[in-house]
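Secondary and tertiary structure notes
Chain by chain, the residues:
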Amino acid sequence: MKYYLIVGEASGDLHASRLMRSLKKEDADAEFRFFGGDLMSAEGGTRVKHYRELAYMGFVPVLLHLRTIFRNMAMCKHDIVEWHPDVVILVDYPGFNLDIAKYVHARTDIPVYYYISPKIWAWKEWRVKSIRRDVDKMFSILPFEVPFYEQKHGYKINYVGNPTADEVTDFLAEYKENYDDFCSRNGLDSSKKTIALLAGSRKQEIKDNLPAMIEAASRYPDYQMVLAGAPSIDDDYYAKYVGDADVKIVHGDTYPLLAHSVAALVTSGTATLETALFDVPQVVCYETPVPSLIRFAFNHIIKVKYISLVNLIADGEIVQELLADRFSVDNITAELGKILPGGSERDKMLEGYAEVHRRIGETGAPDKAASLIVESLKDKGTRG
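The paragraphs below set out a description of the structure included in this document. (Residues numbered from 1 in each chain as written. Predicted model: local features only at pLDDT ≥ 70, side-chain atom pairs only at ≥ 80, totals over all residues. Heavy atoms only, no water.)

Topic: the packing of aromatic side chains
What describes a pair of aromatic rings is the distance from one ring centre to the other and the angle between the planes of the rings. This is how it is decided: Aromatic pairing here means that ring centres of Phe, Tyr or Trp (its six-membered ring) are within 6.5 Å. Orientation follows from the plane angle: under 30 degrees is stacked, over 60 is edge-to-face, and everything else is tilted. Going along the chain from the N terminus, every DSSP run of H or I of four or more residues is numbered as a helix, and every run of E of two or more is numbered as a strand. The cut-offs for exposure are 20% and 50% of the maximum accessible area for each residue type, with area from a 1.4 Å probe on protein chains only; residues under the lower value are buried, those over the upper are exposed, and the others partly exposed. The criterion is that NZ of a Lys, or CZ of an Arg, lies within 6 Å of the ring centre and within 35 degrees of the ring normal, and then a charge sits over that ring.
A full pass over the atoms with the stated rule returns 14 aromatic pairs. With a centroid separation of 5.9 Å and an interplanar angle of 65 degrees, the aromatic rings of F171 and F278 are classed as edge-to-face. In this pair, F171 is assigned in helix α8 (residues 163-174) and F278 in the loop between α13 (270-277) and β12 (282-286), connecting sequence segments 107 residues apart. Each member of the pair F171 and F278 is classed as buried. Here the aromatic cluster, defined as three or more aromatic residues joined through ring pairs, consists of Y4, F35, W83, Y93 and F96. Looking at K2, its charged tip hangs above the ring of W83, at a distance of 4.7 Å from the centre.

Below, the structure is given as C-alpha cells:
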C-alpha cells in the first residue's frame, strides 16, 4: 500500500521514521512519499520537502513567510492527489496538517489518519470540530488525551502508547559507552559532571531561552555545560548566544548526553519527557513575550495547568515550569540548585518520574499504531 506522511519538525521526523519502520514490518509492499526529514529518508521512499522548509514559529516569522507556507500547502495538496495514496498520515503540526486534512477529506476518497494529536487540549480546543469532520482515525500517544476526546467530545481514538518511551528504552538497551569515553569523544572534561542544556529545535526558542540557561548554569562552576545541538541549527547560530561562555555543543548525541547528565535545563516540548525517561532531574525554561499577558492567558484562557509533558502526564507538578513571569536567571539558578546532586528536591523529582513511567504504560507504540493502520486499511479495501 501507499502511505503519504507529513511532519513539520525534528521530533515528528523521529516518530514518523519509527512508524514507517513498523509499517514495513506489517506491509511488505509499503511505499512512502512524505514531507519530512533525514530520519524518514533513511527508511526509504520519496521525500517531497524537508521539514526545515515548513517550520516557522511565532506570529512575525509566519507572517513574513506566508507566501512560502501557502505555496507549500498547495504543492502538498496537488502531490497527494497526483500520487493518490491509500492513506494520508499526519503527524502533529496542526497549522499545516489540519488544512491538508480538510482538503483531502473534501476533495478525495483518501482516508486521513493522525498519528500524534495536535495539542488542542491546551490551546484552540475548537479545532476538535475539524478533527471530527476531517480525520478518520486518531492514534494518540498521550494517555490523558483519551478522556479529552472520548468523554468530553465524543470522538473515539486509539491510544497506542508513547513512542518516546520506545526510543529511550531501545537506546538504553544498546548504549554501552561510559562517561570517560563519551567525554573523550566530544572533547569534554570527564572530571566534571554534566548539566545538559536542551534549548529547543527552533531558532526563536534558542534565542529566547539559551542565554538565560547558560547564565544560570554557569553559576555552578563545578559542573560543565553541554548543549544538545538541534538537527536543523548550525554552530554559527548558537555562537550568537553562547558568546564567550564555556559551553560545549554536541550534535546527534542528545540521548548519550542525557544518559550521562546529572541535571538538565530544558525548553518545553518532547525533550521534557525524554529527560524524565532518562531519570535526569530538570528545570523547564520557557521565556515568552509580554509575560504578564501570558500569565493571564495561562490562568484564564489556556485549558491546561501545565506546559511540560512530564507534568501533564503525571497530572501534577513533578518538574518546575519557569515560563512567563516566572522565567528569570535567578529563578532558574535557584531551581537548578535544588535538583543537582545533594539538592533538596532531587529525590522527590525522581520519585515523580516513576509515576510518569507508570502512566505511559508498555512500550511498542509504533508497532501498535502500524498494526491498527494496516488492519483498518485492509478492512476498508475488503469492504470496497
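There is more to say, and it comes next.
Side note on the sheet that holds β12
How we decide: Two strands make a pair as long as DSSP finds a minimum of two bridges between them. An axis is simply a line fitted to the C-alpha atoms; with a helix, the fit covers only the stretch in contact. Between two such axes, the angle follows the N-to-C directions and lies from 0 to 180 degrees.
Strand order in the open sheet made by the six strands is β10-β9-β8-β11-β12-β13, with parallel pairing throughout. Because the sheet does not close on itself, it has two edges, and the strands there are β10 (247-251) and β13 (320-323). Strand-to-strand twist in this sheet, taken as the mean axis angle between neighbours without regard to direction, amounts to 25 degrees. Examined bridge by bridge, strand β8 (residues 193-198) and strand β11 (residues 261-266) share five bridges and lie parallel to one another. Counted as the bridge partner of L198 is V266 from β11.

Focus on the sheet that holds strand β4 (residues 87-90)
Within the open sheet, the seven strands sit side by side as β3-β2-β1-β4-β5-β6-β7. Their pairing is parallel. Two strands in the sheet have a free side with no partner beyond their single neighbour: β3 (46-50) and β7 (158-159). Pairing geometry for strand β6 (residues 137-140) and β7, over two bridges, is parallel. Paired with F139 across the bridge in β7 is N158.

Brief notes about the packing of helix α1 (residues 10-26) against α8
Put simply, the rule reads: Relative orientations are named as follows: roughly parallel for angles under 35 degrees, roughly antiparallel for angles over 145 degrees, roughly perpendicular for angles from 65 to 115 degrees, and oblique for any other angle. Here a residue-residue contact requires only that any non-hydrogen atoms of the pair lie within 4.5 Å. Each residue gets one of three labels, nonpolar for Ala, Val, Leu, Ile, Met, Phe, Trp, Tyr, Cys and Pro, charged for Asp, Glu, Lys and Arg, and polar for the others, Gly among them.
At their nearest, the axes of α1 and α8 sit 10 Å apart, and the two run at 80 degrees to each other. By the angle class used here, α1 and α8 are roughly perpendicular. Contacts between α1 and α8 involve L14, H15 and R18 on the former and, on the latter, P163, T164, D166, E167 and D170. Residue classes in the contact of α1 with α8 are distributed as two nonpolar, two polar and four charged.

A few points about the environment of A264
Looking at where A264 falls in the secondary structure, it is placed in strand β11. For A264 and A276, which are twelve residues apart along the polypeptide, the C-alpha to C-alpha distance reads 9.9 Å. Those residues in contact with A264, other than ones at most four positions away along the chain, are A196, T275, V280, P281, Q282, V283 and I339.

A word on the nonpolar core
Note the cut-off: Only buried residues count toward a nonpolar core. Its members are Ala, Val, Leu, Ile, Met, Phe, Trp, Tyr and Cys residues joined through side-chain atoms within 4.5 Å.
Counting 127 residues, the largest nonpolar core has Y3, L5, I6, I89, Y115 and L197 as the members making the most contacts within it. Broken down by element, the residue count for this core peaks at seven residues, all from helix α10 (residues 203-217).

Notes on α10
Applicable threshold: What a helix is expected to span follows from its residue count: subtract one and scale by 1.5 Å.
Between its first and last C-alpha, α10 extends 21 Å over 15 residues, near the 21 Å set by a 1.5 Å rise per residue. For α10, the full list of buried residues reads E205, I206, D208, N209, L210, A212, M213, I214, A216 and A217.

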